[in-house]
Amino acid sequence: MKKLRSIISLVCAMALVLSTCLTALTVTAETKKTPIVANDFEGIVCYPSSLGSAAWGNNGQMDSDTGISEAGAHGGSKSVRFHSKDYGQQYWIPSSENGTYVASPAIPNGDTKSYFIKFFYKANGFHFKVLARYVNSSGDQISPNVTMVDVTAGNEWNEYIGVVTIDPNSALSAGDGYLQFYVILDTSWKNAYIDDLEIYEINDGESISTVTYKESNGDVISTVTDFAGTDLVLPKKYGYTAQLYTDSSFTAPYNSTVYPNENMDLYVKWIKTALLTNDFESSVFYPSTISANYAWKCDNTTYTSGISTNQASSPTHSLLIANNNQNNGSVSWIPSDANGNPVSSPDLASGAKQSYYFKFNYRLSLGQIYIAAKLVDKTTGAAKTDTVRFLATYEHANNPSQIIVPLSEDWRTYQGKIELTANSAINADNTVLQIYVLFKYDDGASEQRSRLYLDDMEIYAMGADDVISTVTYKESNGSVISTAKSLSGTDLALPEKYGYTAQLYTDSSFTAP
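Within every chain, residues take consecutive numbers counted from 1 along the sequence as written. With pLDDT at 70 or above as the cut-off, local features in this predicted model cover only qualifying residues; side-chain atom pairs require 80 or more to be listed or tallied, and sums for whole chains, interfaces and linings still use all residues. As a rule here, side-chain values come from all non-hydrogen atoms in the structure, and water together with hydrogens is ignored.

(A) Representation of the overall build of the chain within the structure. A run of H or I in DSSP counts as a helix once it spans at least four residues, and a run of E counts as a strand once it spans at least two, with each numbered from the N terminus. Looking only at helices and strands, the chain has zero helices and 31 strands in total. Looking at the chain residue by residue over its 513 residues, the buried ones come to 46%. For the chain, the share of sequence-separated contacts (at least 6 apart) that also reach a separation of at least 24 residues comes to 75%. About 24,000 Å² of surface is accessible on the chain, with carbon and sulfur atoms providing 46% of the total. For each residue, the accessible area found with a 1.4 Å probe, counting protein chains only, is set against the maximum for its type, and the residue is called buried under 20%, exposed over 50%, and partly exposed in between. Any two residues whose heavy atoms approach within 4.5 Å are treated as being in contact. Surface accessibility follows the Shrake-Rupley procedure with a 1.4 Å probe radius. Residue values consider only the protein chains on display as shielding.

(B) Quick look at the pattern of salt bridges. For salt bridges, the criterion is a side-chain nitrogen of Lys or Arg within 4 Å of an Asp or Glu carboxyl oxygen. Under the criterion given, the structure shown has seven salt bridges. We note a salt bridge from Lys118 to Glu198, for which the minimum N-O separation is 3.6 Å. One end of the pair, Lys118, is in strand β8 (residues 113-123); the other, Glu198, is in strand β13 (residues 191-201), and 80 residues separate them in sequence. Judged by its relative accessible area of 11%, Lys118 falls in the buried class. On the accessibility criterion, Glu198 (24% relative accessible area) is partly exposed. Its salt-bridge partner being Lys272, residue Asp466 comes within 2.7 Å of it at the nearest N-O pair. With Asp466 in the loop between β28 (449-462) and β29 (468-474) and Lys272 in strand β17 (residues 264-272), this residue pair connects regions lying 194 residues apart in the sequence. Just as Asp466 is buried, Lys272 falls in that class too.

(C) Looking closely at the nonpolar core. By nonpolar core is meant a set of buried Ala, Val, Leu, Ile, Met, Phe, Trp, Tyr and Cys residues that side-chain atoms within 4.5 Å join together. Formed by 34 residues in total, the largest nonpolar core has its most connected members in Ile117, Phe119, Phe128, Val130, Met148, Ile194 and Ile199. If we ignore the near neighbours within four places in the chain, the residues touching Met148 are Ile117, Phe119, Val130, Leu131, Ala132, Tyr160, Val164 and Phe181. Listed in part, the 30 residues of the second largest apolar core include Leu276, Val343, Phe390 and Leu433.

(D) Up close: the confidence of the model for the chain. Here the chain averages 75 in pLDDT, and 70% of its residues register 70 or above. Confidence of the predictor at the level of single residues is given by pLDDT, which spans 0 to 100. Contacts from residues 1-30, a stretch scored under 50 in pLDDT, to residues over four places away or in other chains number 125 contacts. For residues 284-304, every residue scores under 50 in pLDDT, and the model assigns this stretch 65 contacts once sequence neighbours within four places are set aside.

(E) Just unusual backbone geometry, in detail. The backbone of Asp456 shows a phi angle near 50°, a positive value even though the residue is not glycine. Along the polypeptide, Asp456 turns up in strand β28. A positive phi is found at Phe510, a non-glycine position, where the angle reads about 60°. Residue position: Phe510 is located in the segment after β31 (501-505).

(F) The arrangement of the side chain of Thr230 in detail. The topology assignment puts Thr230 in the loop between β15 (220-227) and β16 (240-245). Residue class for Thr230 comes out buried when judged on its relative accessible area of 4%. The definition of a polar contact used here is a pair of N or O atoms within 3.5 Å, where within protein one atom must be able to donate a hydrogen and the other to accept one, and adjacent residues in sequence count solely through side-chain atom pairs. Within the structure, the side chain of Thr230 is placed 3.3 Å from the side chain of Asp226, a separation counted as a polar contact. Once residues lying within four places of it in the same chain are set aside, the contact partners of Thr230 are Lys33, Tyr200, Thr257, Val258 and Tyr259.

(G) View of the packing of aromatic side chains. Only the six-membered ring of Trp is used, alongside the rings of Phe and Tyr, when aromatic pairs are assigned; centres must lie within 6.5 Å, and planes under 30 degrees apart are stacked while those over 60 apart are edge-to-face, with the rest tilted. One pass over the full model with this rule turns up 16 aromatic pairs. When the centroid spacing of 6.2 Å and the interplanar angle of 45° are considered together, the rings of Tyr357 and Tyr460 count as tilted. Here Tyr460 lies in strand β28 and Tyr357 lies in strand β23 (residues 353-366), a separation of 103 residues in the sequence. Relative accessible area serves as the criterion here: at 0%, Tyr357 is assigned to the buried category.

(H) Just the environment of Val149, in detail. By the secondary structure assignment, Val149 is in strand β10 (residues 146-153). Overall, Val149 belongs to the buried group, its relative accessible area being 2%. Once the C-alpha coordinates of Val149 and Ile161 are considered, the two residues, twelve residues apart in sequence, prove to be 10.0 Å apart. If we skip the residues at most four places from it in the chain, Val149 touches Phe119, Tyr121, Phe128, Lys129, Val130 and Tyr160.

Written out as structure tokens, the structure is:
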């Protein structure tokens, strides 16, 4: 097959994909460790005691103000809250959702038992402790206390990760004792929270390892300590996916999905990843997964919005947003993915900015519209940034710099950058990106109809070094084949010629691939 030799001319500077690093290590068998307790405190309101006086609550009595709380959670929507009514009160932490505790294995006299324990905690800026011990079936203490947390904690979630080794006062047969956790609050009328409790039994030959994630230049991204053999938690960066290597040159991939048996460094290569890609092929209606404020407006009487087979840029379906005889200013939301899920936001400080790259195909056969975006509260729909209009078919006095796009019976491609500024501090857990269409009319009932088709939508987060660049493809004699515009770090779209494959060079002599 003949090969079309093409060269590329970079018109705009291309941003390099960021990378991070890690040290080498040989990983043994990839056997995943299962926790003996994994409790996110989501499924039950009150924990009864299975050990008599060992129930949680001061002196074995259930405190009505202590229990599952919806006021704060590290993961999910609930955590367990401990509310002190007096100085030095103690509250037991249940291990499982039905209030049972972890039964002890057989422990000969003089021997110990170790557990690997993880949980998240926070408090209202006061001192508290979290301890562990063995108790018998009556709730009587049968081992010394082991302190896990002894701090003054604020309102931010902190993670405890550690090995707890307990030495019973005497020999235990299997099931004679129970592993018990409890909280001591040193200040009255305060709240402490615990969430996402995991407990692993440490057997002979098993170990805890620490993975240090690094950039390729050696800068530390984060360190994670966990039980060897449990699922590896990748570092996160908004808009990127982490690829792991054991060398800073990214030549030796780390192919395991679990923590190794030894401490090691891993180098992270950041791969720019779309926050959303949607070709609008797979669903006929997009329900809201958040709230009524978030659903797109689509009903049988006033709107005929939905997946359309009449128009598509590729392959067979597109999204039709139609406004039938509605008033000036009618709004329809654009669903994000095929299940109606929106794009999440990063954490942002007040006044901080997040930029996005949008690319989609559209066809507007009738009407005047603009497409806009903002960050909103995913429960209430309340705006957390100002609205940014990024595609419009009419002049707007308050936004003279907006792009003016004419009506078109043909498919066009929009791609561009928008920048959203946080009005106040934004928590990624409850904030999402909302995209919507507003229909604009001058006068006349005949103008109060629109047919907007959207297809092949892509959304990327943009970093400080990212640019929208144009690549010009040329023949060796300098004649232009085509131009391609896209976000730096995303896949290059090669020129096409029937029966040929393009190979790219940066010089017309084809010496520099």
